Amino acid sequence: SMYIFGGSSGSAMNDLHELHIPTVASVPAKWRQVKIAGNEQPCHRFCHVGVVYQDALFVFGGYDGSDRLNDFIRFDFGAYDLSFEVPPSTI
């Protein structure tokens, strides 16, 4: 699968989408929005970086349209759960 988190369509977004890419060429790829469990939602952002590692999506930083972000988000695919952490600044 391929995952898309946030981005901008004129304003910053915080949605998460998955493109399931089947291994059989005759089966079409399918998009779905991934609903984030719990009340805590990541803030809207674009210009961030992300990587999938060991069944989780890790996202760092970005820009929300007015401020630079220095937070770290972990989305656990197994639990469909997010956790947030603000790392210490090295600047």
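Computed from a predicted structure; not experimentally measured.

### Re the pairing of strand β6 (residues 68-76)
- Only one face of β6 is covered, namely the one carrying Leu69, Asp71, Ile73 and Phe75; the face carrying Arg68, Asn70, Phe72, Arg74 and Asp76 has none of its residues buried.
- Sheet topology places strand β5 (residues 56-63) next to β6; seven bridges connect them, and they run antiparallel. Its bridge partner lying in β6, Ala56 is registered against Asp76.
- The antiparallel hairpin formed by β5 and β6 contains four residues in its connecting segment, where Gly65 sits at a positive phi of about 110°.

### Concerning the side chain of Asn14
- Considering the arrangement of structural elements, one finds Asn14 in strand β2 (residues 12-20).
- Only 2.8 Å separates the side chain of Asn14 from the backbone oxygen of Pro42, close enough to count as a polar contact.
- The contact partners of Asn14, leaving out residues within four places of it in the chain, are Phe5, Gly6, Ile36, Gln41, Pro42, Cys43 and His44.

### Concerning the side chain of Asp71
- Take Asp71: it is sitting in strand β6.
- A distance of 2.8 Å separates a polar atom in the side chain of Asp71 from a polar atom in the side chain of Arg45.

### Let's talk about the pattern of salt bridges
- Tallied over the entire structure, the rule returns three salt bridges.
- Of the charged contacts, one joins Asp71 and Arg45 as a salt bridge, the two residues approaching to 2.8 Å between their closest N and O atoms. Taken together, the residues span a long stretch of sequence, with Asp71 in strand β6 and Arg45 in the loop between β3 (30-34) and β4 (49-52) at a distance of 26 residues.

About the criteria used
Residues numbered from 1 in each chain as written. Predicted model: local features only at pLDDT ≥ 70, side-chain atom pairs only at ≥ 80, totals over all residues. Heavy atoms only, no water. Buried < 20%, exposed > 50% of the residue type's maximum accessible area, 1.4 Å probe, protein only. Helix = DSSP H or I, 4+ residues; strand = E, 2+ residues; numbered from the N terminus. Pairing = 2+ DSSP bridges. Polar contact = N/O pair within 3.5 Å; in protein donor to acceptor, adjacent residues only side chain to side chain. Contact = heavy atoms within 4.5 Å. Salt bridge = Lys/Arg side-chain N within 4 Å of Asp/Glu carboxyl O.

Purely spatial values, then, with no claim about function.
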